[in-house]
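Residues per chain, in single letters:
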Amino acid sequence: MTTTAATDADTGGTGAHPRFAAALQELGLAELTTRIRRFPDATSTAAEAAAAVGCELSEICKSLIFAADGVPVLVLMDGASRVDVELVRAELGAGKVTRAKADVVRETTGYAIGGVPPFGHRTRTRVLADRALLRHDVVWAAAGTPHAVFPIAPAALVAHAGATVVDVREPTA
């Protein structure tokens, strides 16, 4: 999939997707718009974002959409970890959990994979945040485009995303 860089003109000068910038305003987080970091190269993977920001991989917050019995659910996970879909399934009491297809991600959130922020989505979904995110003072998350990220305290991230804190990381060997 080819992505094109957004210009400051179409991001309101903040570097963020306009929908996400509006969500920050609505949530009383307007001060975060000045902390958004925009990069010429994509930060659509956790590794790319960590390299661009200059932080640990685990300080990146991935916003991942899954389908639990066909219903979209957002999982917030640190960049160094993988989601254990069986733990998500058990947490939700679902019969089946799978990664959502790109069209479902865009339809649900209003953003493309690689730029999905943790809140400010087109539709309201259930949100799970893995407990490992809380180990950090600050995490970096996508600001609605594959070229922009913003810093936020994990507790504020959980609160503004309306997330339930859970343990859904794949066990490490």
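Relevant structure appears above.
Quick caveat: nothing in here was measured; it's all calculated off a predicted structure.

*Asks:* Is there a simple way to explain the environment of Glu-59 in this structure?
*Replies:* With respect to the helices, strands and loops of the structure, Glu-59 is situated in the loop between helix H2 (46-53) and strand S2 (60-68). Glu-59 sits 72 residues away from Arg-131 along the chain, and the two C-alpha atoms are 13 Å apart. Other than its neighbours up to four places away in sequence, Glu-59 contacts His-136, Val-138, Val-139 and Trp-140. Here Glu-56 takes part through its backbone nitrogen, which lies 2.7 Å from a polar atom of the side chain of Glu-59.

*Asks:* It is not clear to me how the layout of surface pockets should be interpreted in this structure. Could you clarify?
*Replies:* Empty space among the atoms can be located by rolling a probe the size of a water molecule over them. By volume, the largest pocket is sized at about 340 Å³. Around the largest pocket, the lining is made up of 22 residues, and of these Ser-44, Lys-62, Ser-63, Leu-64 and Gly-114 lie nearest the centre. When contributions to the lining of the largest pocket are tallied by element, the ones reaching two or more residues are H2, S2 and strand S6 (139-142). Of all the elements, S2 adds the most residues to the lining of the largest pocket, at six residues. Residue composition of the lining of the largest pocket, by class: 14 nonpolar, six polar and two charged.

*Asks:* Teacher, can you tell me more about the packing of aromatic side chains here?
*Replies:* Both the distance between ring centres and the angle between the ring planes are used here to describe each pair of aromatic rings. Using the criterion set out here, one finds three aromatic pairs in the structure. Arranged with centres 5.5 Å apart and planes meeting at 35°, the rings of Phe-20 and Phe-119 form a pair that is tilted. Of this pair, Phe-20 sits in helix H1 (residues 18-26) while Phe-119 sits in the loop between helix H4 (102-109) and strand S5 (126-130), placing them 99 residues apart in sequence. On the basis of relative accessibility, which here comes to 0%, the residue Phe-20 falls in the buried class. Geometrically, the ring pair formed by Phe-20 and Phe-150 is tilted, given 5.0 Å between the ring centres and 40° between the ring planes. Taken together, the residues Phe-20 in helix H1 and Phe-150 in strand S7 (residues 148-152) connect sequence positions 130 residues apart.

*Asks:* Help me understand unusual backbone geometry in this model?
*Replies:* Positive phi outside glycine occurs at Asp-69, with the angle close to 50°. Checked against the element boundaries, Asp-69 lands in the loop between S2 and strand S3 (71-78).

*Asks:* Explanation requested: the nonpolar core in the structure shown.
*Replies:* The nonpolar side chains of a soluble globular protein tend to be buried, and buried together. Phe-20, Leu-76, Phe-119, Phe-150 and Leu-157 are the most contacted members of the largest nonpolar core, which has 29 residues in total. Of all elements in the fold, only H1, S2, S3, S5, S6, S7 and helix H5 (154-161) reach the threshold of two or more residues within this core. What Phe-150 contacts, discounting residues up to four positions off in sequence, is Phe-20, Leu-32, Arg-35, Ile-36, Pro-118, Phe-119, Val-139, Trp-140, Ala-141, Ala-142 and Ala-143. Counting 14 residues, the second largest nonpolar core, distinct from the first, contains Leu-64, Phe-66, Met-77 and Val-168.

*Asks:* Quick question: what am I supposed to make of the pattern of salt bridges here?
*Replies:* Side chains carrying opposite charge are able to pair once their charged atoms draw close together. Following the criterion strictly, the structure yields four salt bridges and no others. For Glu-170, the salt bridge is made with Arg-82, and the minimal N-O distance between the two is 3.4 Å. Taken as a pair, Glu-170 in the segment after strand S8 (164-166) and Arg-82 in the loop between S3 and helix H3 (85-92) lie far apart in primary sequence, 88 residues in all. Look at Arg-82 and you get exposed, because its relative accessible area is 57%.

*Asks:* What is the right way to read the side chain of Asp-84 from this model?
*Replies:* Locating Asp-84 in the fold gives a position in the loop between S3 and H3. The buried charged residue Asp-84 lacks any salt bridge partner; its closest oppositely charged side chain belongs to Arg-89, at an N-O distance of 8.2 Å.

*Asks:* What am I meant to see in the environment of Ala-129 here?
*Replies:* Mapping Ala-129 onto the fold places it in strand S5. Residues Ala-129 and Val-165, spaced 36 residues apart in sequence, show a C-alpha to C-alpha distance of 4.8 Å. Excluding residues that lie within four positions of it along the chain, Ala-129 makes contacts with Leu-76, Val-158, Ala-163, Thr-164, Val-165 and Val-166.

The rules behind these values
- Residues numbered from 1 in each chain as written.
- Predicted model: local features only at pLDDT ≥ 70, side-chain atom pairs only at ≥ 80, totals over all residues.
- Heavy atoms only, no water.
- Helix = DSSP H or I, 4+ residues; strand = E, 2+ residues; numbered from the N terminus.
- Contact = heavy atoms within 4.5 Å.
- Polar contact = N/O pair within 3.5 Å; in protein donor to acceptor, adjacent residues only side chain to side chain.
- 1 Å grid on protein atoms, 1.4 Å probe; cavity = no way out; pocket = protein on both sides within 12 Å on 5 of 7 lines; lining within 4 Å.
- Points joined across faces, edges and corners; volume = space filled by probe spheres on them.
- Nonpolar A, V, L, I, M, F, W, Y, C, P; charged D, E, K, R; others polar.
- Phe/Tyr/Trp six-rings, centres within 6.5 Å; stacked < 30°, edge-to-face > 60°.
- Buried < 20%, exposed > 50% of the residue type's maximum accessible area, 1.4 Å probe, protein only.
- Core = buried A, V, L, I, M, F, W, Y, C linked by side-chain atoms within 4.5 Å.
- Salt bridge = Lys/Arg side-chain N within 4 Å of Asp/Glu carboxyl O.
- Lys, Arg positive; Asp, Glu negative; His and termini not counted.

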